[in-house]
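Letter by letter, the chains look like this.
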Amino acid sequence: MRVLGIETSCDETGIALYDTDAGLLGSALHSQVQMHSEYGGVVPELASRDHVNRVLPLTHQVFEQSGCLPESIDAIAYTRGPGLVGALMVGAAMAGGLGYAWRKPVVPVHHLEGHILSPLLSANKPAFPFVALLCSGGHTQLLAVKSFGHYALLGETLDDAAGEAFDKSAKLLGLGYPGGPALARLADAYRLDEHHKDWAIQLPRPMMHSRDAEFSFSGLKTAVAITVQRLGKQYPQAPWRSALAHEVQAAITDVLIAKSVLALKLTGLKRLVISGGVSANRRLREGLQAQAQTNGFEVFFPELSLCTDNGAMIALAGAMRLQHGAKATTDFSVAPRWPLEDLG
Ligand code: KG4
Ligand code: ZN
């Protein structure tokens, strides 16, 4: 089965062609990060308008790149939600229009299901059942995934998401928007530099020992803000920024690692699947791999290019939905708020 995937839920236009036998045949992505960075965050109306401009050219690009013709596809999958309503509507309208013109069935996909399944596009694929840690800019959730389509929420963040904690801390450090990857680079540079002095920076690991699968990251940014103020006054020129970035990354990833291990213990499951933008983080990956060895579980990640939003995970989820009996749609609706548990 061959499926075209269309992702437009936030600030990335992602298009891909996925074949259940041959794998990923082609993909194209346009990130709006530069456009939104001027405003310090995503401007919904600008996001929708940019999706309108990008979605068709990127679709052409994917067909050209893969050497496939629209006749050869079996279905079109689009992100129905959750996300920004205007942005979602662009993908829904495009999927509906192409489906009508090409006489192909259209399948709505849950964005978070796309993220959770994205490690199935790696060479090392997880089998069901598994615990999923979904950590993106908008979500931090631990789920027990018994089988395809059955997602039981074990716990989630009570306030900020892990990616949001990275981004807000990065902003306080003057690293722009979204600063998660820049903060991670600064943190890793600190590790390599032997000449830094010990800045004695200690941040809290919120709820790390709460014995449940809930998270809270909003207090962390207050602690970061206080530290930036204190050190900035004392050492205006000093290179403490990378030490602070290092500690921010350690605090967030320590909590994610500890809670993932706890979720495996609580459920008795032996596989952990990580996804979402933060799953690109090197310290998180290495930390989980080390825990997997000591605690006797397996850990699975998406390819680095598939951690953030993309069309491939939507095409894959759409193909799996069809394989599991999903009916094609004709209403092309969007669902800006859509609990993952409603799928089961
Ligand atoms: O999944 P995603 O593309 O978008 C949402 O659906 O939210 O995730 C984006 C988030 C941002 O907060 C970004 O800063 C974070 O993922 N991120 C990272 C890294 N790469 C992306 N955070 C930490 N380390 C990284 N290497
Ligand atoms: Zn996402």
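Structure: above.
The following paragraphs examine the structure supplied in this document.

Coordination sphere of the zinc ion (ligand 2), protein contribution only: H111 (NE2), H115 (NE2) and D309 (OD), at 2.1 to 2.2 Å. Coordination at the zinc ion (ligand 2) is irregular, judged from the four donor atoms that bind it and the angles of 91 to 138° they form at the metal. In terms of primary sequence, the donors binding the zinc ion (ligand 2) are separated according to H-x3-H-x193-D. Of this pair, H111 sits in helix α4 (residues 111-117) while D309 sits in the loop between β10 (298-300) and α10 (311-323), and the two are 198 residues apart along the sequence. Of the two residues, H111 and D309, both sit in the buried class.

Our next topic: the nonpolar core. Counting residues in hydrophobic clusters, the biggest one holds 46 residues, and the most contacted among them are L203, F217, L244, I252, L256 and I274. Residue assignment for this core shows that the elements contributing at least two residues are β6 (130-135), α5 (162-172), α6 (180-192), α7 (218-234), α8 (241-267), β9 (271-275) and α9 (282-295). The leading source of residues in this core is α8, at 12 residues. With residues near it in sequence (within four places) discarded, I252 still touches A162, A165, F166, F217 and L220. Among the nonpolar cores identified, the runner-up in size contains 35 residues, and L117, L306, L316 and W338 belong to it.

Moving on, we come to the packing of aromatic side chains. One pass over the structure, following the stated rule, counts three aromatic pairs. Pairing F128 with F130 gives two aromatic rings, centres 5.2 Å apart and planes at 20°, and the pair type is stacked. Residue F130 is classed as buried on the basis of its relative accessible area of 1%. Centroid distance F215 to F217: 6.1 Å. Interplanar angle 20°. Geometry classified as stacked. Each member of the pair, F215 as well as F217, is classed as buried. The ring of W338 carries R80 above its face, with NZ or CZ at 4.7 Å from the centroid.

A sheet is described by the order of its strands in space; here five strands give the open sequence β8-β7-β6-β9-β10, paired in mixed fashion. What marks the edges here is a single partner per strand, and that holds for β8 (151-156) and β10. Across the sheet, the mean angle separating the axes of adjacent strands is 25° when strand polarity is ignored. Here β9 pairs with β10 via three bridges, running parallel. From the neighbouring strand, V273 faces β10, where its bridge partner is F300.

The next point concerns the site of ligand 1. Taken together, 18 residues are adjacent to ligand 1, and G137, G163, D167, G277 and N281 come closest. Between an oxygen atom of ligand 1 and a main-chain N or O atom of G138, the distance comes to 3.2 Å. In this structure, G163 approaches ligand 1 through a main-chain N or O atom, which is 3.2 Å from an oxygen atom. For ligand 1, whose accessible area on its own is 560 Å², the fraction buried by protein is 85%.

The subject of this paragraph is the pattern of salt bridges. Side chains that differ in sign of charge can pair as their charged atoms come close. For the structure on display, the rule yields 13 salt bridges. The residue R282 makes a salt bridge to D188 at a minimum N-O spacing of 2.8 Å. In this pair, R282 sits in helix α9 while D188 sits in helix α6, placing the two residues 94 residues apart along the sequence. Relative accessible area serves as the criterion here: at 23%, R282 is assigned to the partly exposed category.

Turning our attention to the sheet that holds strand β1 (residues 2-7). Strand order in the open sheet made by the five strands is β3-β2-β1-β4-β5, with mixed pairing throughout. Edge positions in the open sheet fall to β3 (23-31) and β5 (106-110), since each of these has one partner strand only. Looking at each pair of strands side by side, their axes are set apart by 20° on average, direction ignored. One ladder, built from four bridges, connects β1 with strand β4 (residues 75-81); its direction is parallel. Pairing of I6 across the sheet is with Y78, part of β4. Along the sheet, helix α2 (residues 44-66) makes contact with β1, β2 (12-19) and β3, crossing β3 at roughly 150°. In the packing of α10 onto the sheet, the strands contacted are β1, β2, β3, β4 and β5, and the crossing angle to β1 comes to about 130°.

Parameters at a glance
Each residue is numbered by its place in its chain's sequence as written, counting from 1. Think of it this way: whatever chain is written first is A, whatever ligand is written first is 1, and the rest follow in order. Side-chain atom pairs in this predicted model are given and counted only at pLDDT of 80 or more, local residue features only at pLDDT of at least 70, and totals for whole chains, interfaces and linings cover all residues. In computing side-chain values, all of the structure's heavy atoms are included and hydrogens and water are not. The rule for donors is simple: an N, O or S atom within 2.8 Å of the metal counts, and for Na, K and Ca the reach is 3.2 Å. Water is not among the atoms, so a site may look short of donors. Site shape is set this way: if four donors have all angles between 85 and 135 degrees, tetrahedral; if opposite donors are over 155 degrees apart and all others between 65 and 115, square planar for four donors and octahedral for six; otherwise irregular. Note on conventions: DSSP H or I runs of at least 4 residues are helices, E runs of at least 2 residues are strands, and numbering of each starts at the N terminus. Type-normalised accessible area, obtained with a 1.4 Å probe on protein chains alone, sets the label of each residue: buried when under 20%, exposed when over 50%, and partly exposed for intermediate values. Here the nonpolar core consists of buried residues drawn from Ala, Val, Leu, Ile, Met, Phe, Trp, Tyr and Cys, with membership extended through side-chain atoms lying within 4.5 Å. Contacts were defined at the residue level, with two residues in contact if any of their heavy atoms lie within 4.5 Å. When the centres of two rings from Phe, Tyr and Trp lie within 6.5 Å, Trp using its six-membered ring, the rings pair. Their planes under 30 degrees apart give stacked, over 60 give edge-to-face, and anything left gives tilted. Note on geometry: a ring has a charge over it if NZ (lysine) or CZ (arginine) is within 6 Å of the ring centre and within 35 degrees of the ring normal. At least two DSSP bridges between two strands are required for those strands to pair. With axes taken as lines fitted to C-alpha atoms, and helix axes fitted only over the stretch in contact, angles between N-to-C directions fall between 0 and 180 degrees. Residues are labelled near a given molecule or strand when at least one of their non-hydrogen atoms is within 4 Å of it. We call two N or O atoms a polar contact when they sit within 3.5 Å, provided that within protein one can donate a hydrogen and the other can accept it, with sequence-adjacent residues counted only if both atoms are side-chain atoms. Exposure was quantified through the Shrake-Rupley algorithm and a 1.4 Å probe, taking into account, for residues, occlusion by the shown protein chains and nothing else. Here, a salt bridge means any side-chain nitrogen of Lys or Arg that lies within 4 Å of a carboxyl oxygen of Asp or Glu.

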